[in-house]
2 protein chains.
Amino acid sequence: MTEKAPIQSDVLKGETARRSEAQTRQMNEIKSLEQRPVGGPGPIRRTALHDTLVGHLRDMIIEGNLPPGTRLHEGQLGEQLGVSRTPLREAIKYLASEGLVELVPSRGAVVKRFSAKDVRDMLTVLQTLEELAGRLACETATDAEIAEVRALHDEMVRRYEAGDRMQYYKLNQEIHTAIARLSRNAALADMHAMLQTRLKRIRFIGHEGPEKWAAAVAEHQEMIAALEARDEVTLSEVLGRHLTKAWERVREAV
Amino acid sequence: MTEKAPIQSDVLKGETARRSEAQTRQMNEIKSLEQRPVGGPGPIRRTALHDTLVGHLRDMIIEGNLPPGTRLHEGQLGEQLGVSRTPLREAIKYLASEGLVELVPSRGAVVKRFSAKDVRDMLTVLQTLEELAGRLACETATDAEIAEVRALHDEMVRRYEAGDRMQYYKLNQEIHTAIARLSRNAALADMHAMLQTRLKRIRFIGHEGPEKWAAAVAEHQEMIAALEARDEVTLSEVLGRHLTKAWERVREAV
DNA sequence: CTTTTGTATTTTGTATGCAGCATTTTCTGT
DNA sequence: ACAGAAAATGCTGCATACAAAATACAAAAG
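Residues numbered from 1 in each chain as written. Chains lettered and ligands numbered in written order. Predicted model: local features only at pLDDT ≥ 70, side-chain atom pairs only at ≥ 80, totals over all residues.

A. View of the overall build of chain A. A count of helices and strands for chain A gives 11 helices and 3 strands. Its helices and strands in sequence order give chain A the pattern α-α-α-β-α-α-β-β-α-α-α-α-α-α, from N to C terminus. Burial statistics for chain A: of 254 residues in total, 33% are counted as buried. Put simply, 68% of the contacts in chain A that link residues at least 6 apart link residues at least 24 apart. (Helix = DSSP H or I, 4+ residues; strand = E, 2+ residues; numbered from the N terminus. Buried ≥ 20, exposed ≤ 12 C-beta atoms within 10 Å, placed from the backbone. Contact = placed C-beta atoms within 7 Å.)

Take a look at the structure:
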């Protein structure tokens with residue numbers, strides 16, 4: 001996250017001379033940022049610029065660098081990121097389909113603004129999806145996969161005890177994403193990811209008090225227990241309850 | 001649908017002379033096709049080219065003009081549609097986010113191929129969403145809105161009796177979309193629309209026998225009755241059953 | 001005959017230029 | 001001083017031009 005700052009900050013100088021060279025250099029900067037240290041299987045396919053741009057813009061929106069209602073200025077943004085308008089526009093169109101920005105004819109794109117009702121509606125759908133995911137996961141997940149989620153959970157608890165809110169949030173999201181994945185239903189995982197992305201911005205803001213935070217952790221404790229017991233009824237119920245509570249936790253923040 | 005044919009067919013001539021003039025003319029052709037005869041409220045905002053292109057490509061994929069696995073050739077497609085590569089690429093990126101095409105780095109985009117399991121998974125999620133939508137719709141829909149759905153339903157039955165499969169399908173989809181909309185949950189409607197779009201291609205193919213078709217109509221009869229009675233339990237159950245059956249109807253076609 | 005390597009062509013990816021529209025600023029008449 | 005019109009500015013939308021990558025093809029080596 002923080003690595004992106006320099007890219008955004010070093011600019012707005014009107015210096016345009018020797019454009020192509022300077023831009024190419026900056027582009028490489030961006031690319032290098034995204035080179036994952038994956039030692040995993042498969043070829044080390046270098047991330048395409050399109051994906052990188054989409055990721056950057058997404059992060060900027062989620063983190064609040066681009067608040068809701070902000071007009072995405074193509075020229076300015078392109079200069080900041082060191083790319084020309086063309087790939088930038090393509091990334092924006094992609095995000096528009098994802099629902100993060102809105103396209104206004106002849107007036108470009110603006111960061112979508114979500115009302116409290118929108119958030120509540122999204123959480124309602126997310127709840128339904130997670131209930132389904134929980135049921136399916138209990139049936140289809142392997143023991144190894146469940147163990148991985150357990151590991152995430154334990155790490156999350158450690159972060160909670162350390163008071164590391166940021167990492168806690170990250171792991172929290174990862175756990176929910178993992179459960180969606182465990183359902184072995186790609187469409188479900190897709191829809192879940194999309195909603196989660198739209199909600200990230202909100203959750204990112206929602207700072208809960210200590211007691212609510214503790215409650216959330218307790219719910220996660222129940223979740224992982226139900227998953228390990230492959231108790232689909234309980235898991236589904238807990239996941240549903242967890243999101244009902246989530247709404248109560250963020251409602252005043254929205 | 002058929003209006004698009006001429007645009008696609010009149011081409012592949014290497015004629016490039018006086019490009020800008022010719023292309024402008026063709027662009028206007030496309031735009032004029034999409035001018036809806038809406039007498040609805042609000043200004044008659046002319047459809048932007050981006051939306052038009054997205055719609056065209058979507059249709060071409062759904063209707064099978066661009067079968068799964070087809071590589072979207074930018075130069076060729078652009079010439080066919082009478083637009084340059086730039087807006088075309090933007091439309092493709094949009095569709096990629098929608099899940100209709102897949103982006104392969106340095107190799108363009110290909111029409112996504114759905115396995116039988118993919119279809120089944122999508123129907124599973126759609127089922128869950130429609131069950132939710134049914135419950136919400138019973139609570140929040142106005143009588144007038146329900147009457148509109150009833151009108152769609154009656155029209156659909158007429159098309160069924162007339163044996164007009166194409167219009168039947170269209171109205172069928174519209175009814176399901178309408179129910180999703182009646183939930184007054186934008187996120188739900190969004191996710192529903194996205195899944196429905198991905199599935200359109202499949203349903204478009206699935207040619208059921210007369211008896212299965214009759215069964216589907218009977219289920220719709222139940223649906224509309226439950227909606228008018230605002231019987232959310234029954235409506236949810238029928239919608240769920242309807243999609244379980246839908247899978248049985250298309251499973252061998254996939 | 002197969003495989004490999006070098007070259008040519010095609011296709012994608014990115015940058016730039018130009019035209020139209022929206023908004024804002026300035027000018028003019030009262 | 002103020003309302004309205006007209007010009008000017010800035011931005012988006014589309015097309016084109018250019019660069020890099022991939023594919024196809026051909027020739028040469030094994």
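The structure having been displayed, the exposition proceeds.
B. Quick peek at the protein's contact with DNA strand C. Taken together, 22 residues lie near DNA strand C, and Leu49(A), Ser84(A), Thr86(A), Glu74(B) and Gly108(B) sit nearest. Listed by contribution, the elements that provide at least two residues to the surface near DNA strand C are α2 (19–33), α3 (49–62) and α5 (85–98) of chain A together with α4 (74–81) of chain B. Residue composition of the surface near DNA strand C, grouped by class: 5 nonpolar, 11 polar and 6 charged. (Near = placed C-beta within 6 Å. Nonpolar A, V, L, I, M, F, W, Y, C, P; charged D, E, K, R; others polar.)

C. The interface of chain B and chain A, seen in detail. Contacts between the two partners involve 27 residues from chain B, matched on the other side by 27 residues from chain A. For the side of chain B that touches chain A, the secondary-structure elements that each account for two or more residues are α5 (85–98), α6 (116–140) and α9 (186–205) of chain B. It is α5(B) that provides the largest number of residues to the side of chain B that touches chain A, a total of 8 residues. When its residues are assigned to classes, the side of chain B that touches chain A shows 13 nonpolar, 6 polar and 8 charged.

D. Looking closely at the relation of the copies chain B and chain A. Laying chain B over chain A is done by rotating through 180 degrees and shifting 0.0 Å along the axis; what remains is an RMSD of 0.1 Å. Interpreted geometrically, this transformation is the action of a two-fold axis. Residue by residue, 96% of the interface of chain B is reproduced at the interface of chain A, so both copies engage with the same surface. (Least-squares fit on C-alpha atoms with pLDDT ≥ 70 in both.)

E. Molecular detail of the packing of helix α10 (residues 210–228) of chain B against helix α11 (residues 232–250) of chain B. Residue and element names in this part refer to chain B. At their nearest, the axes of α10 and α11 sit 9 Å apart, and the two run at 165 degrees to each other. Judged by the angle between their axes, α10 and α11 are roughly antiparallel. Between α10 and α11 lies a crossing of left-handed hand. The residues of α11 that touch α10, namely those facing Lys212, Ala215, Glu219, Glu222, Met223, Ala226 and Leu227, are Thr234, Leu235, Val238, Leu239, Arg241, His242, Lys245 and Arg249. Taken together, the residues of the contact of α10 with α11 break down into 7 nonpolar, 2 polar and 6 charged. (Axes fitted to C-alpha atoms, helices over the stretch in contact; angles between N-to-C directions. Parallel < 35°, antiparallel > 145°, perpendicular 65-115°, else oblique. Left-handed = near helix turned anticlockwise from the far one by under 90°.)

F. Structural view of the domain arrangement of chain A. Residues and elements named next belong to chain A. One can read the domain layout of chain A as domain 1 (2–111) and domain 2 (116–250). Domain 1 puts 7 residues into the contact, and the matching count from domain 2 is 6 residues. Ranked by the residues each element gives to the side of domain 1 that touches domain 2, the list is headed by α3, at 3 residues. (Domains from an automatic or database assignment.)

G. Spotlight on the protein's contact with DNA strand D. Near DNA strand D there are 22 residues, and of these Glu74(A), Gly108(A), Leu49(B), Ser84(B) and Thr86(B) occur at the shortest range. Mapped by element, the contributors of at least two residues to the surface near DNA strand D are α4 (74–81) of chain A together with α2 (19–33), α3 (49–62) and α5 of chain B. A total of 4 residues in the surface near DNA strand D trace back to one element, the largest contributor, which is α2(B). When its residues are assigned to classes, the surface near DNA strand D shows 6 nonpolar, 11 polar and 5 charged.

H. Structural context of the pairing of strand β2 (residues 101–104) of chain B. Residues and elements named next belong to chain B. Examined bridge by bridge, β2 and strand β3 (residues 108–111) share 4 bridges and lie antiparallel to one another. Bridge pairing in β3 places leucine 103 opposite alanine 109. Linkage of β2 to β3, two consecutive antiparallel strands, is achieved through a turn of 3 residues, within which serine 106 is found at a positive phi near 65 degrees. (Pairing = 2+ DSSP bridges.)

I. Structural detail: the sheet that holds strand β1 (residues 71–72) of chain B. Residue and element names in this part refer to chain B. Across the sheet, which stays open at both edges, the 3 strands sit in the order β1-β3-β2 with antiparallel pairing between neighbours. Of all the strands in the sheet, just β1 and β2 have a single pairing partner and so form its edges. Contacting β1, β2 and β3, α5 crosses the sheet at an angle of about 110 degrees to β2.

J. Looking closely at the nonpolar core. With 78 residues, the main nonpolar core has Leu188(A), Leu227(A), Leu188(B) and Leu227(B) as its most contacted residues. Counting 40 residues, the second largest nonpolar core, distinct from the first, contains Ala96(A), Leu53(B), Ala109(B) and Val111(B). (Core = buried A, V, L, I, M, F, W, Y, C linked by C-beta atoms within 7 Å.)

K. Looking closely at the packing of helix α7 (residues 143–162) of chain A against helix α8 (residues 165–182) of chain A. All names here are of chain A. Remark: α7 packs on α8, axes separated minimally by 9 Å, with the N-to-C direction vectors making an angle of 165 degrees. It follows that α7 is roughly antiparallel to α8 by the angle criterion. Our pair here, α7 against α8, has a crossing hand that is left-handed. Here α7 contributes Glu145, Glu148, Val149, Leu152, His153, Glu155, Met156, Arg159 and Tyr160 to the contact with α8, which in turn contributes Gln167, Tyr168, Leu171, Asn172, Glu174, Ile175, Ala178, Ile179 and Leu182. Looking at the contact of α7 with α8 residue by residue, the classes come out as 10 nonpolar, 3 polar and 5 charged.

L. The environment of Arg120(B), seen in detail. Here Arg120(B) shows up in helix α6. Here the alpha-carbon distance between Arg120(B) and Val254(B), two residues 134 residues apart in the chain, equals 9.8 Å.

M. Here's a closer look at the sheet that holds strand β1 (residues 71–72) of chain A. Pairing in this open sheet of 3 strands is antiparallel, and the strands run β1-β3-β2 (chain A) from one edge to the other. Because the sheet does not close on itself, it has two edges, and the strands there are β1 and β2 (101–104) of chain A.

N. Looking closely at the UniProt feature "domain: HTH gntR-type" (unreviewed entry) in chain A. Mapped onto the present numbering, the UniProt feature "domain: HTH gntR-type" (unreviewed entry) falls at residues 47–114 of chain A. Helix and strand shares over residues 47–114 of chain A are 53% and 15% respectively, and the end C-alpha atoms of the span are 31 Å apart. (UniProt positions renumbered as here; feature names shortened; annotations may be inferred.)

O. Inspection of α3(B) at higher detail. For α3(B), which comprises 14 residues, the first-to-last C-alpha distance of 20 Å matches the rise-based estimate of 20 Å (1.5 Å per residue) to within 8%. Listed as buried for α3(B) are Thr52(B), Leu53(B), Val54(B), His56(B), Leu57(B), Arg58(B), Ile61(B) and Ile62(B). (Expected span 1.5 Å × (residues − 1).)

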